[in-house]
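# Architecture and fold: a report
Residues per chain, in single letters:
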There are 4 protein chains.
Amino acid sequence: MGHEIDLSYFDIRCDLISDTLENKKIKEIKIKKKNHKSIKIEEVVINSSVSKEINKKPGIYTTIYFEDITDYSNRNEVINVLSNELKKILKRKKLINKKVLVVGLGNSLSTPDALGPKTIENIIVTRHLFNLKEVDVEEGFSNVSVFTPGVYASTGIESFDSLKGIINETHPDYIIVIDSLAASSIEKINKIIQITDSGIEPGSGIGNNRKEISLNSLNIPVIAIGIPTVVDAATIVKDTINFLIEKISYNIVNLNNPKEKLINPNLINYLNNGYNLDKEEKKKYLGLLGDLDDEEIKSLFLEVLSPIGYNFMVTPKEVDFLIDKLSIILSKSINKVLHSNLNINNN
Amino acid sequence: MGHEIDLSYFDIRCDLISDTLENKKIKEIKIKKKNHKSIKIEEVVINSSVSKEINKKPGIYTTIYFEDITDYSNRNEVINVLSNELKKILKRKKLINKKVLVVGLGNSLSTPDALGPKTIENIIVTRHLFNLKEVDVEEGFSNVSVFTPGVYASTGIESFDSLKGIINETHPDYIIVIDSLAASSIEKINKIIQITDSGIEPGSGIGNNRKEISLNSLNIPVIAIGIPTVVDAATIVKDTINFLIEKISYNIVNLNNPKEKLINPNLINYLNNGYNLDKEEKKKYLGLLGDLDDEEIKSLFLEVLSPIGYNFMVTPKEVDFLIDKLSIILSKSINKVLHSNLNINNN
Amino acid sequence: MGHEIDLSYFDIRCDLISDTLENKKIKEIKIKKKNHKSIKIEEVVINSSVSKEINKKPGIYTTIYFEDITDYSNRNEVINVLSNELKKILKRKKLINKKVLVVGLGNSLSTPDALGPKTIENIIVTRHLFNLKEVDVEEGFSNVSVFTPGVYASTGIESFDSLKGIINETHPDYIIVIDSLAASSIEKINKIIQITDSGIEPGSGIGNNRKEISLNSLNIPVIAIGIPTVVDAATIVKDTINFLIEKISYNIVNLNNPKEKLINPNLINYLNNGYNLDKEEKKKYLGLLGDLDDEEIKSLFLEVLSPIGYNFMVTPKEVDFLIDKLSIILSKSINKVLHSNLNINNN
Amino acid sequence: MGHEIDLSYFDIRCDLISDTLENKKIKEIKIKKKNHKSIKIEEVVINSSVSKEINKKPGIYTTIYFEDITDYSNRNEVINVLSNELKKILKRKKLINKKVLVVGLGNSLSTPDALGPKTIENIIVTRHLFNLKEVDVEEGFSNVSVFTPGVYASTGIESFDSLKGIINETHPDYIIVIDSLAASSIEKINKIIQITDSGIEPGSGIGNNRKEISLNSLNIPVIAIGIPTVVDAATIVKDTINFLIEKISYNIVNLNNPKEKLINPNLINYLNNGYNLDKEEKKKYLGLLGDLDDEEIKSLFLEVLSPIGYNFMVTPKEVDFLIDKLSIILSKSINKVLHSNLNINNN
């Protein structure tokens, strides 16, 4: 690539701790891993020294990996796991039964960005009941209010500013913030939930610089729950080049395996086949492209797509269905944690 | 009606100055009346002494009466009149070109209550552009931001509180508040627009006591724009009894008029026929019911309907169409006043 | 009322058998009544001789009366009752496991008229699976397809015509038709479900003459399920006048009852107090109005309201919430009957 | 790639004539090209002999290429061009003023697939007025009805079957069918409109085999209007590899050009730079990948992505905004052609 690539120009901040940890292998970080049926859970605590090294805010990060949510019982499993993990974080931070403001970031009129507002629609709100003198709210129900700030370009007001104003008037003990994120791998889109107490930068995933929403900026704890719902074209290309390398390595090993010949080669899941191309092979199949590491490949394709306006953010065409189901998973999980006396099937 | 009727129990505060002025004839109040094609405009200024007498806040009240808005050119006329009247009030209060927050009260998920939020969707927002250092916003565009607080039972936060928080953080010079109101006559439902600088009590029309949104409570001028979109059953009955009296009086006069016999009597608009039943006739046709004045009739039917749960608030079944068209009228009118360089047809 | 009232002019066909039976007491008709918790069920069979007398098509009519559906467990009870009654009718007509087309009449863009289309959105469709050669559909699932014809003024095509075309091409064994109806009493609005095998006339409740959808016109059985969601102003007035008479009679009896004086008189449910005004009393309180019977009162108010354009059809202002919940009740009940192996909580 | 790639397995039928003509250079085909401001128009007639060769149905194909539609006046230009081109085709086929059924294919509940149903919502329907004996419809208005069949998986009925049933009952002279298509290049997504009289296969772009909608199958002329709104991951990768080649060739030529060094190289539009890599250079930069032609690259990435489930169809994240604006362009253009007396700004 002869000339210099200005990497900083395209630096999109990673929203997901799992991306960061995959890219940079940091010895000091211990990842606690668990499984619940087909669901994987990873928990990581970033302390302040590691924080600087990997450019992620310090805090607890829990990542939940799940598969298909078209199925009702799968969705219920995700709800069980998410509500357990959320509860654990609230306990650890002594926030159980405290007054909470649940905030849905994003644009209710733009489907892939509507995860926050749609989740809010189904949160069970009780603050107005606690404010009534004549009503004793049943035990097992927390004091919950909600807010959907909208997006800067539609309201003219930064989410941080409206949120701060409302916190000043309503005095919640902490906030839960829901947002849709940008994925930095196509394997994660609509497939993971990240919970963190480290705060959030609205729109950070898609390159807009917004004021951070965090304990630091708001003076009350912030629990952020995010799901990646969009991905950029450069990421799709980068991932596909990596898949191509895995596919070639698989083919090399299995080419003369008679068993393989019985099966349509296009139907074989070749991922994680335990074999990798060496430097020479990469060069043979991919030329200089084969010389680049993951971050360089991503940068290269950003450099290719951005100047001609084609590094667009995309979302799967089933976006309406997915946002609908994901927002139900989030609202049911949050309701379950905040209102322990609630019959989950009825909400 | 032997026993005592507790009038205070059912006292629904009138949202509309036009209701108040019809019910109580106050000599000192001068109503300026104008016409623009089929549209009537009434302007009234309530000073503080009259204010106490009629229990309406002091201020300017402009009422615009219009007919059918299914027709595109009729809608355009209403937009012309509303933008003119709104501009006049802003001029009078020296608010032209000042920074404004446009607020849509009501529930976006409940069609008859969605007038505010739906109007906000089409307001042209510019505050974020004014905040960009590198952008000089074209002349003829004001600094506009928007906010939709939602309703207390859905958010757990009073509109007043969230609004105050946002004003504290964003410092607009004044606010424009849009709300759907309760009509106290079936002739006014979806047929009038009221503009006032006297403030608003969210939900006041339907019996919920909410904190007032006004210059007094917020320390910046408040311009409220309201349209009645719902009416209660008792009002429908009260109006119909009055129509019945007019119809009987019409029939008495025209019964032997041969011309009338050529026409289907059911198709005759008998209103304002210049004839009234006397006390005896009223008694004959309506018994003791004929003895009651307008307020007593309303109270009687409230007393009949409320204990059995049938004084419901209703809205015409075409509510989706009406709210859609009315919100377009409001947003286009407001855009036209705030952004004078805008081509109205394009927004 | 001196002059003649042209009753036929305003004759709105009753959609509900319960209205007809209340108005005309027919000796030969036996109404089977049952109760399930707070839900009442009435079943009636109209034979052809009675049919002519009461101007209702012959057939089975089941009416389910329910109360509040804001509560989750109440809704579940209605689902249980409705699915039982629907199943009974299908059994009686030997339609269990037959191929069915479920049709949602009405306008998806007009909330009070969207009951049919919204119900259809949640019907579990299987016909395309039955058509796949490689798939054996599990037992306990019927062959189900759906259709939403839209409304004549929006599509330019009568529902009957599009429905007939689709039946000709897809050959279902019978159809289930869902429609929102006009109530002829405010006590019934959003409070009853009627199931009948006698067919339906789309829009008949609101005065539009449409081609009938029935066994007769389509040559396959038609099961119609309807809920009244709108009511006209004249009906509200008629009902209120009747409530007024009950209220007066209650007051007369209880006026000197000291127990009553302890209670806010406005909170007393005075309905069905077992006392009625006599002719003289009616005349005293209501004049000539007191002389009219129910149908005459309705006709009178139609005559009052129609010529001035105020006999509008209205719907409760909570229409979005109600249509949402009612459509869920209908879709869950229908799914339960058509797909017996389905876990009802999951659909 | 050592082993054999089964090309037929992944053959997605091209929806767009422009894709076909780019891929296969056919000498006999004459493309008429025009420009209107920034809009390009290409017209092509495929006769039956060419038809077989390129596997596209014979007929007229008009393709309109446009740029940004966020701007109101750009949208108006597209409306002018589209209505002109549509009118030309209707004239050529002698369909002006004939009875038309406008059909919106796709799923109204899935935003990227809702172009058809959303367009239908704004088509001005008149057939019901023509059917009224008492109404003479104004000259300059055609007899128009509309239909939205929904999608097979939601209705259980193939679009072709319901459409055929409705045509049999309502006897239109021709139909206009609107559909969202799959793009086979990221440059075309939401950027072109194709009009053709050759018919359509619903869902053909995304691999579902459906019955064809055409003159042949329906016995009346079919005018299809389509816009590509989704693209698959393999196409994004294929296009990016091509862009990469163009970018490298640009860099080679301009690397020592001092002018280029003044500009951020990432902001330069390097497309169509008139220089291409030769075979050796391709090999150097891309290895064996550089040896493949366009179709082979597409097939390769399909083979990589499909077995692991990542060849998903995606849509730009602004899909709600885009579908909204595109459906307005289509409905206004169609209304303008069908109802020549209509004031376009008012509809």
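Calculation rules
- Residues numbered from 1 in each chain as written.
- Chains lettered and ligands numbered in written order.
- Predicted model: local features only at pLDDT ≥ 70, side-chain atom pairs only at ≥ 80, totals over all residues.
- Heavy atoms only, no water.
- Buried < 20%, exposed > 50% of the residue type's maximum accessible area, 1.4 Å probe, protein only.
- Helix = DSSP H or I, 4+ residues; strand = E, 2+ residues; numbered from the N terminus.
- Arc of directions from axis to C-beta.
- Contact = heavy atoms within 4.5 Å.
- Salt bridge = Lys/Arg side-chain N within 4 Å of Asp/Glu carboxyl O.
- Least-squares fit on C-alpha atoms with pLDDT ≥ 70 in both.
- Axes fitted to C-alpha atoms, helices over the stretch in contact; angles between N-to-C directions.
- Parallel < 35°, antiparallel > 145°, perpendicular 65-115°, else oblique.
- Left-handed = near helix turned anticlockwise from the far one by under 90°.
- Nonpolar A, V, L, I, M, F, W, Y, C, P; charged D, E, K, R; others polar.
- Phe/Tyr/Trp six-rings, centres within 6.5 Å; stacked < 30°, edge-to-face > 60°.
- Lys NZ or Arg CZ within 6 Å of the ring centre and 35° of its normal.

## Details of helix α11 (residues 279-286) of chain C
Listing the buried residues of α11 of chain C in full gives Glu-281, Tyr-285 and Leu-286 of chain C. With its buried residues spanning 100 degrees around the axis, α11 of chain C presents them on a single face. Every exposed residue of α11 of chain C that faces more than 90 degrees away from the buried side is listed here: Lys-279 and Glu-280 of chain C. In this structure, the buried residues of α11 of chain C make contact with α11 (279-286) of chain B together with α9 (233-254) of chain C. Positioned one or two residues after α11 of chain C, Gly-287 of chain C has a phi angle of 60 degrees, which is positive.

## Quick word on the pattern of salt bridges
The tally for this structure, following the rule as stated, stands at 55 salt bridges over all chains. A salt bridge links Lys-247 of chain D to Glu-303 of chain A; its shortest N-O distance comes to 4.0 Å. With one member in each of two chains, Lys-247 of chain D in helix α9 (residues 233-254) and Glu-303 of chain A in helix α12 (residues 294-305) form a pair that bridges those chains. No difference in accessibility class separates Lys-247 of chain D from Glu-303 of chain A, as the two residues are buried. Across the pair Lys-88 of chain B and Glu-43 of chain B runs a salt bridge whose closest N-O atoms are separated by 3.5 Å. Placement of the pair is Lys-88 of chain B in helix α3 (residues 72-92) and Glu-43 of chain B in strand β2 (residues 39-46), with a sequence separation of 45 residues. Looking at Lys-88 of chain B, the relative accessible area reads 35%, which means it is partly exposed. By relative accessible area, which is 7% here, Glu-43 of chain B ends up buried.

## What about the relation of the copies chain A and chain D?
For the pair chain A and chain D, the relating rotation is 180 degrees, the translation along its axis is 0.0 Å, and the fit reaches an RMSD of 0.0 Å. Read as a symmetry element, the transformation amounts to a two-fold axis. Relative to the rotation axis, the C-alpha of Gly-287 of chain A is the closest in chain A, positioned 1.9 Å from it. Taken together, the interface assignments show that 100% of the residues at the interface of chain A recur at the interface of chain D, consistent with an identical surface on both copies.

## Some points on unusual backbone geometry
You will see that Asn-190 of chain A, though not glycine, has its phi angle at about 60 degrees, which is positive. Residue placement: Asn-190 of chain A occurs in the loop between β6 (174-183) and β7 (192-196). A positive phi angle, near 70 degrees, is found at Asn-219 of chain C, a position not held by glycine. Mapped onto the secondary structure, Asn-219 of chain C falls in the loop between α8 (215-218) and β8 (222-232).

## Considerations on the packing of helix α12 (residues 294-305) of chain B against α9 of chain C
The axes of two packed helices give the description: the angle between them and the distance between them. At a closest axis distance of 9 Å, the pairing of α12 of chain B and α9 of chain C adopts a crossing angle of 80 degrees. Between α12 of chain B and α9 of chain C, the crossing angle belongs to the class labelled roughly perpendicular. Of α9 of chain C, the residues touching α12 of chain B (which contributes Leu-300, Phe-301, Glu-303, Val-304 and Leu-305 of chain B) are Thr-240, Ile-241, Phe-243, Leu-244 and Lys-247 of chain C.

## Describing the packing of helix α9 (residues 233-254) of chain A against helix α11 (residues 279-286) of chain A
Residues and elements named next belong to chain A. Closest axis-to-axis distance for the α9/α11 pair is 11 Å, and the angle between their directions is 110 degrees. When the interaxial angle is binned, α9 and α11 end up roughly perpendicular. As for the relative orientation of α9 and α11, their crossing is right-handed in sense. Side by side, α9 and α11 meet where Ile-241, Leu-244, Ile-245, Ile-248 and Ile-252 of the first sit next to Glu-281, Lys-282, Tyr-285 and Leu-286 of the second. Here the residues of the contact of α9 with α11 sort into seven nonpolar, no polar and two charged.

## Re the packing of aromatic side chains
Where two aromatic rings form a pair, the distance of their centres and the angle of their planes describe that pair. Enumeration over the complete set of coordinates arrives at nine aromatic pairs over all chains. When the centroid spacing of 5.5 Å and the interplanar angle of 0 degrees are considered together, the rings of Phe-243 of chain B and Tyr-310 of chain C count as stacked. Taken together, the positions of Phe-243 of chain B in helix α9 (residues 233-254) and Tyr-310 of chain C in the loop between α12 (294-305) and β9 (313-316) put the pair across two chains. Geometrically, the ring pair formed by Tyr-310 of chain D and Phe-312 of chain D is edge-to-face, given 6.5 Å between the ring centres and 65 degrees between the ring planes. The two residues Tyr-310 of chain D and Phe-312 of chain D agree in class, both being buried. Here a set of aromatic residues connected by ring pairs shows up, and it is made of Phe-243 of chain A together with Tyr-310 and Phe-312 of chain D. Taking the ring centre of Tyr-65 of chain C as reference, the NZ or CZ of Lys-40 of chain C above it sits at 4.6 Å.

What is shown is where atoms sit, not what they do.
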